[in-house]
Amino acid sequence: MTRSRLTPEREAELYEAVLDLLREVGYDALTMDAVAGRTRSSKATLYRQWRSKPELVAKALRHNKPVGIGDIDTGTLHGDFHAMLARTDDCQMEKDSALMRGLAQAIHANPDLHEALRQLLVEPEITGLGVVLRRAVDRGEIKADNPALGYVPHMLVGAFVARQLIEDRAPDRAFLTDYLDAVVIPALGA
């Protein structure tokens, strides 16, 4: 059976509704019925497009990141990292941070969500980050054997999560810019 494709505009509308519902009610209370109601579509239509709620949520989050990290190439690692931050603003970052905190809790009880997020969101981001870092190695900005290379994703996620935990403040561009300049770039020896 072939599924009918949604227009890009309709797909974007559905994804935005999913993210809005996630922010409003959280992952566990999000239902396909609620998405169908919010978007004036049928559950059958949703299940034809997405096999499950975890897949729909992961694809909505992926859609929210239209530019892949690996596509950023300013010619320097410093420029690439700062271009990553320039893709969003503080308001969106705060919304994304709250969303990710809620999903971080939900993945513990939902292995299907965890797997969908890893496949559709985390792995592509790590792959893109690897491209950026390989280019920096190729340009001679970073030594290929630098042990910090394997921890860059951990450093970046850690900064994003720790700000809220330690300071009770959402991460913002100023904080992350300082963090990149004070921690990540020096750790890489760039």
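Okay, so let's go over this structure. (Residues numbered from 1 in each chain as written. Predicted model: local features only at pLDDT ≥ 70, side-chain atom pairs only at ≥ 80, totals over all residues. Heavy atoms only, no water.)

1. Side note on the overall build of the protein chain
Of regular secondary structure, the protein chain possesses 9 helices and 0 strands. The principal-axis extent of the C-alpha atoms belonging to the protein chain is close to 55 × 40 × 30 Å. For the protein chain, with 190 residues in total, the buried portion stands at 39%. Sequence separation of at least 24 residues holds for 68% of the intrachain contacts in the protein chain that already meet a minimum separation of 6. Element-wise, carbon and sulfur atoms account for 56% of the exposed surface of the protein chain, whose accessible area totals about 10,500 Å². Within the protein chain, one finds 24 positive and 28 negative side-chain charges whose respective centroids are separated by 5 Å. (Helix = DSSP H or I, 4+ residues; strand = E, 2+ residues; numbered from the N terminus. Buried < 20%, exposed > 50% of the residue type's maximum accessible area, 1.4 Å probe, protein only. Contact = heavy atoms within 4.5 Å. Areas by Shrake-Rupley, 256 points an atom, 1.4 Å probe, with all protein chains shown as cover. Lys, Arg positive; Asp, Glu negative; His and termini not counted. Charge placed at Lys NZ, Arg CZ, Asp CG, Glu CD.)

2. What to know about unusual backbone geometry
With phi around 55°, Arg 40 is a residue other than glycine that occupies positive phi space. With respect to the helices and strands, Arg 40 occurs in the loop between helix H2 (32-39) and helix H3 (43-49). Relative accessible area serves as the criterion here: at 67%, Arg 40 is assigned to the exposed category. At Asp 168, a residue that is not glycine, the phi angle is positive and equals roughly 55°. Mapped onto the secondary structure, Asp 168 falls in the loop between helix H8 (152-167) and helix H9 (173-188). For Asp 168, a relative accessible area of 62% puts it in the exposed group.

3. As for the packing of aromatic side chains
Scanning the model with the defined rule gives 2 aromatic pairs in all. Residues Phe 175 and Tyr 179 carry aromatic rings whose centres are separated by 6.3 Å and whose planes lie at 25° to one another, so their mutual orientation is stacked. Linking Phe 175 with Tyr 179, this pair stays in helix H9, spanning 4 residues, or about one helical turn. Lying across the ring of Tyr 27, Lys 53 places its NZ or CZ 4.1 Å from the centre. (Phe/Tyr/Trp six-rings, centres within 6.5 Å; stacked < 30°, edge-to-face > 60°. Lys NZ or Arg CZ within 6 Å of the ring centre and 35° of its normal.)

4. A few points about the packing of helix H5 (residues 77-86) against H9
One can describe the packing of H5 onto H9 by two numbers: an axis separation of 11 Å at closest approach and a directional angle of 155°. One finds that H5 runs roughly antiparallel with respect to H9. Relative to H9, the crossing made by H5 is right-handed. Every residue of H9 that contacts H5 at Leu 77, His 78, Phe 81, His 82, Leu 85 and Ala 86 is listed here: Arg 173, Leu 176, Thr 177, Leu 180, Asp 181, Val 184, Ile 185 and Leu 188. Its residues assigned to classes, the contact of H5 with H9 shows 9 nonpolar, 3 polar and 2 charged. (Axes fitted to C-alpha atoms, helices over the stretch in contact; angles between N-to-C directions. Parallel < 35°, antiparallel > 145°, perpendicular 65-115°, else oblique. Left-handed = near helix turned anticlockwise from the far one by under 90°. Nonpolar A, V, L, I, M, F, W, Y, C, P; charged D, E, K, R; others polar.)

5. Quick look at the environment of Thr 177
For Thr 177, the location among the structural elements is in helix H9. Separated by 95 residues in the primary sequence, Thr 177 and His 82 place their C-alpha atoms 7.0 Å from one another.

6. Quick notes on the pattern of salt bridges
What the rule picks out here adds up to 16 salt bridges. Arg 10 is the partner of Glu 13 in a salt bridge, and the nearest nitrogen-oxygen pair spans 2.8 Å. Of this pair, Glu 13 and Arg 10 are both found in helix H1 (residues 8-25), 3 residues apart, which corresponds to roughly one turn of the helix. Here Glu 125 ties to Arg 62 by a salt bridge, and the two come within 2.9 Å at their closest N and O atoms. Taken as a pair, Glu 125 in helix H7 (residues 111-138) and Arg 62 in helix H4 (residues 53-63) lie far apart in primary sequence, 63 residues in all. For Glu 125, a relative accessible area of 14% corresponds to the buried category. Because the salt bridges share partners, they merge into one network encompassing Asp 73, Asp 80, Arg 135, Arg 139 and Glu 141. (Salt bridge = Lys/Arg side-chain N within 4 Å of Asp/Glu carboxyl O.)

Everything listed here is a matter of coordinates, which is why it stays silent on function.
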